[in-house]
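The lines below spell out each chain.
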Amino acid sequence: MITIEKQQIEEQIHQDWLQQPQSQICIAILDYLVRSNSQHLSHITYGSLRKVVGKAYDNQEILAAIQYLCGDRTHLLEPKFELIDNDDYFDISDDEMSKARETGQLLHPETGKLIGDFEDKVFIYFQPSSVVKNLA
Amino acid sequence: MLTAQILEAFSQRISWSTMKVILKICDLPVGRGWEQTIKKLTDEESIQDDINDKIEHLKKSYENHLLVNDKALKIYQVERKKIDKLIAGFKKYKPSATLFQETYPFPLSDERLKGIDFSQKLVEIRDTEDSLAVIFCTKRLFTERSQIDTEQLNEDTRKNLIEYDKIIGIKEHYRQFFDVVVLSKKQNTIEVRVDIAGGLSLEDKSKAFFQTIQQFNMLSEDIARIKTPLQESINFFPLIDNLYESDEGKVVELAFITDEGSTKSEKMRKGSVDLRTETYHHAGKQAVGHITSYRLAILWNIQISEGINSQPELLLPGRAQILSSQIQYLDEVCILNCSSLDDYKFVVEKIFTYLE
Amino acid sequence: MDIENLSLRQLQNLEQYIPGLNRFPSRFLVTDYSKFIEILYKDIDDIIYQIQENPELRQNDGEDRLTIDIRDQLRRLGYDASHDSKFGGHADLLVKKGNFTWIGEAKIHSSYNYLWEGFLQLTTRYSTGDSNQRDGGIFIYIRQKNANAIIEKWKNHLLSKELPDYTYEECENRELSFFSTHIHIGSGRDFRIKHMPVILYFQPQDKSGRSKSEKKN
């Protein structure tokens, strides 16, 4: 297993984003993931990341940064899907999500019913990636 | 076809995630949701021969499920002599014919259910190695609340309702409930298990207990000449702290008060860490020294076999008032998401272990 | 707009502001090679359209510079993209996702023989052509007028080479691009290459230059 240093990741972020605001946004998220108990962080919402990053940035900037951190290049966040139904949260597997996007119907994990028009009810949240968990 | 009947009966009573576990235990294929699974199995039923054993297994699972999932439970400690006498009496007893028997063990259709009254009927007496189960069926009114999407209403109606943040619709319909009284052959206990599958309001649950206990007491007198065997049930309250302090399972919900006067309710999302070790909860508890809990939900992850896990849950549904009485008394618990009799037994054993 | 939780619908709605955002869920749900390629090409098309919006800035860029820009845009989308000039000093782009690989070759159009050289370099670099390396691409940077005619001539040039089992098909997302498929000598399997023109024609007097007229749908 290759152990990566936090500094290497920071350098890579700067290399990719230069002076763009996403540089700071990504560093702020990296800092947050490193200083928290990443073994326990299992449900980070977009709203939570926005808080971590601060008010200086708008949604577009933050989302572009998050999209980047979920990719293979600088993989710090593991995206996950959940269904929010009333006030209940249900995890949706990647496999089921693929099927749902293909067929236009989502299988509700608790009720076992197929739901159409689910784009408003399925949300993305995040977990720290294995890269973060294995940081030197 | 039999599979469709079994699955449709299950679909009214358990979650899809529990159903998947049961299907896997029976070595049956799982489709994408209820409808597709029913279709898949019905198709296979008509083609394959060796599937019949598995469907029998599925039927047995359903019959067992009626005894254990999801139940609110009161436990009574009764003298061995009395229980044996009850067992002997009930064993010989033949339940009279009722309309429920038309489709038993499957529930009656909504149509048929309309024509029945609300009285509780004895439908089966099941003799097993460990116990004698006395099974009742009752029609109860079931209220379903859901939020109405105002976009669906016409403009005038929407205008009239504009000040409201949410519009809730209430549907009342009848459902058939399966309540069970279990006379243990091994322990000196009688369990009253009230059916809460699909959810039951506090008030309805109370009524259901009252009805079942009264019925059973009356029958006991008639059948075995034992008067009111069910009197005072076990106090489960000590379980809350005992289980919380232990290493058992995973705590997913806890409600407690602090001596500074605040009431806290904490819930863990499915798949998250144990509440006991959650950073925020842990830090809070350290800061105050002790907390006084009144409600706890704990679940266990049981590996049945390779790739098949069940997650039965024990809920101790206390309310804050309990803490203010001289004696803290919690007379019922709920056992949820059992995929088999074994799951239920597992949880009850934990109850007795931690009550000591 | 206050977003606490991020729904799929919101991602779709925000796509106009952030390139490729609607493909964000699809990108990490990829399980097979063809899906990986499908999404990669959509992302690449977006990047090409962006580059084509400012041809005036590109007049002095060499192949390396242009390829590095594409690499950087892909990286910002999260792709593991790299630019390798190890092999004989020509520009190429490598995109990896687990076992999946895609290689691109960049050529500034001067002659069809030059493009053919690029094509060969690409083909020979795929030494295994196994099932996780079935696709490649050529970026054809065109500074001349009439990119359409150039591409047509290039198609004919390829046809005349009579490669083993050669076929070509149109790209349904972009009129000017096309796919060529032939048997890869090393592996004996199909190798599909996407030919992607990048229109950099710019004449200051000609304000309604062709490069601005191609908009994505």
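Worth saying up front: this structure is predicted, and the values here are computed from it rather than measured.

1. Some words on the overall build of chain A
- Helix and strand counts for chain A stand at six helices and five strands.
- Mapped in sequence order, the helices and strands of chain A form the string α-α-α-α-β-β-α-β-β-β-α.
- Each principal axis of the C-alpha distribution contributes one length, and for chain A these read about 45 × 35 × 25 Å.
- A total of 136 residues make up chain A; the buried ones form 36% of that total.
- Sequence separation of at least 24 residues holds for 62% of the intrachain contacts in chain A that already meet a minimum separation of 6.

2. Describing the overall build of chain B
- In terms of regular secondary structure, chain B is built from eleven helices and twelve strands.
- For 356 residues, the compact-globule formula gives about 21 Å, and the C-alpha radius of gyration of chain B, at 22 Å, lands near that figure.
- Along the first, second and third principal axes, the C-alpha set of chain B runs to 65 × 60 × 50 Å.
- Residues classed as buried in chain B amount to 33% of the 356 residues present.
- Long-range contacts, defined as pairs at least 24 residues apart, comprise 67% of the intrachain contacts of chain B with a sequence gap of at least 6.

3. What about the nonpolar core?
- Among the nonpolar cores identified, the biggest contains 80 residues, and Cys-26, Ile-29 and Leu-69 of chain A together with Val-198 of chain C are the most heavily contacted of them.
- Taken domain by domain, this core gets at least three of its residues from each of domain 1 (6–76) and domain 2 (81–123) of chain A.
- Core analysis: the next-biggest nonpolar cluster, separate from the first, contains 65 residues, Leu-73, Val-182, Leu-200 and Phe-236 of chain B among them.

4. Some points on the domain arrangement of chain A
- What the domain assignment lists for chain A is domain 1 (6–76) and domain 2 (81–123).
- Averaged C-alpha coordinates put domain 1 of chain A and domain 2 of chain A at centres separated by 27 Å.

5. Points about the interface of chain A and chain C
- Listed by partner, the interface residues are 24 residues for chain A and 27 residues for chain C.
- Residue assignment for the side of chain A that touches chain C shows that the elements contributing at least two residues are helix H3 (46–53), helix H4 (59–70), strand E1 (77–85), helix H5 (94–103) and strand E5 (122–128) of chain A.
- When residues in the side of chain A that touches chain C are grouped by element, the largest group, seven residues, is from H4 of chain A.
- In terms of residue class, the side of chain A that touches chain C is built from eleven nonpolar, seven polar and six charged.
- Of the pairings in the sheet, the one linking E5 of chain A to strand E1 (residues 6–7) of chain C comprises two bridges and is antiparallel in character.

6. Some details on the interface of chain B and chain A
- Opposite the 15 residues of chain B that make contact, chain A presents 14 residues.
- A total of three residues in the side of chain B that touches chain A trace back to one element, the largest contributor, which is helix H2 (residues 16–25) of chain B.
- Taken together, the residues of the side of chain B that touches chain A break down into four nonpolar, seven polar and four charged.

7. As for the domain arrangement of chain B
Residues and elements named next belong to chain B.
- The domains assigned to chain B are domain 1 (2–68), domain 2 (71–224) and domain 3 (237–355).
- Here the C-alpha centre of domain 2 lies 23 Å away from the C-alpha centre of domain 1.
- Residue-level contacts link ten residues of domain 1 with ten residues of domain 2.
- Of all the secondary-structure elements, those providing two or more residues to the side of domain 1 that touches domain 2 are helix H1 (2–11) and helix H4 (51–68).

8. Quick notes on the sheet that holds strand E3 (residues 131–147) of chain B
All names here are of chain B.
- The strand order across the open sheet built from ten strands is E2-E3-E4-E5-E1-E12-E11-E8-E6-E7, with neighbouring strands paired in antiparallel fashion. Edge positions in the open sheet fall to strand E2 (121–127) and strand E7 (263–267), since each of these has one partner strand only. Here the strands of the sheet are splayed against their neighbours by 25° on average, with no regard to which way each runs.
- In this structure, strand E4 (residues 168–184) lies alongside strand E5 (residues 189–195), joined through four bridges in antiparallel fashion. Bridge assignment links Val-181 to a residue of E5, and that residue is Val-192.

9. What about the arrangement of the chains?
- Of all two pairs of chains that touch, the greatest number of contacts is found between chains A and C.
- A minimum C-alpha distance of 15 Å separates chain B and chain C, which share no contact.

10. Observations regarding unusual backbone geometry
- A cis amide bond links Tyr-104 of chain B with the next residue in sequence, Pro-105 of chain B, at an omega value of 10°.
- For Asn-337 of chain B, which is not a glycine, the phi torsion comes out positive at approximately 60°.
- Here Asn-337 of chain B is to be found in the loop between strand E12 (333–336) and helix H11 (341–355).
- Here Asn-337 of chain B falls in the partly exposed class, since 19 other C-beta atoms lie within 10 Å of it.
- Located in the positive-phi region is Glu-162 of chain C, a residue other than glycine, with phi close to 50°.
- You can see Glu-162 of chain C is positioned in the loop between helix H6 (147–160) and strand E6 (167–170).
- On the basis of neighbour count, Glu-162 of chain C is assigned to the exposed category, with 8 C-beta atoms found within 10 Å.

Conventions used here
- Residues numbered from 1 in each chain as written.
- Chains lettered and ligands numbered in written order.
- Predicted model: local features only at pLDDT ≥ 70, side-chain atom pairs only at ≥ 80, totals over all residues.
- Helix = DSSP H or I, 4+ residues; strand = E, 2+ residues; numbered from the N terminus.
- Buried ≥ 20, exposed ≤ 12 C-beta atoms within 10 Å, placed from the backbone.
- Contact = placed C-beta atoms within 7 Å.
- Rg over C-alpha atoms; globule rule 2.2 N^0.38 Å.
- Core = buried A, V, L, I, M, F, W, Y, C linked by C-beta atoms within 7 Å.
- Domains from an automatic or database assignment.
- Nonpolar A, V, L, I, M, F, W, Y, C, P; charged D, E, K, R; others polar.
- Pairing = 2+ DSSP bridges.
- Axes fitted to C-alpha atoms, helices over the stretch in contact; angles between N-to-C directions.

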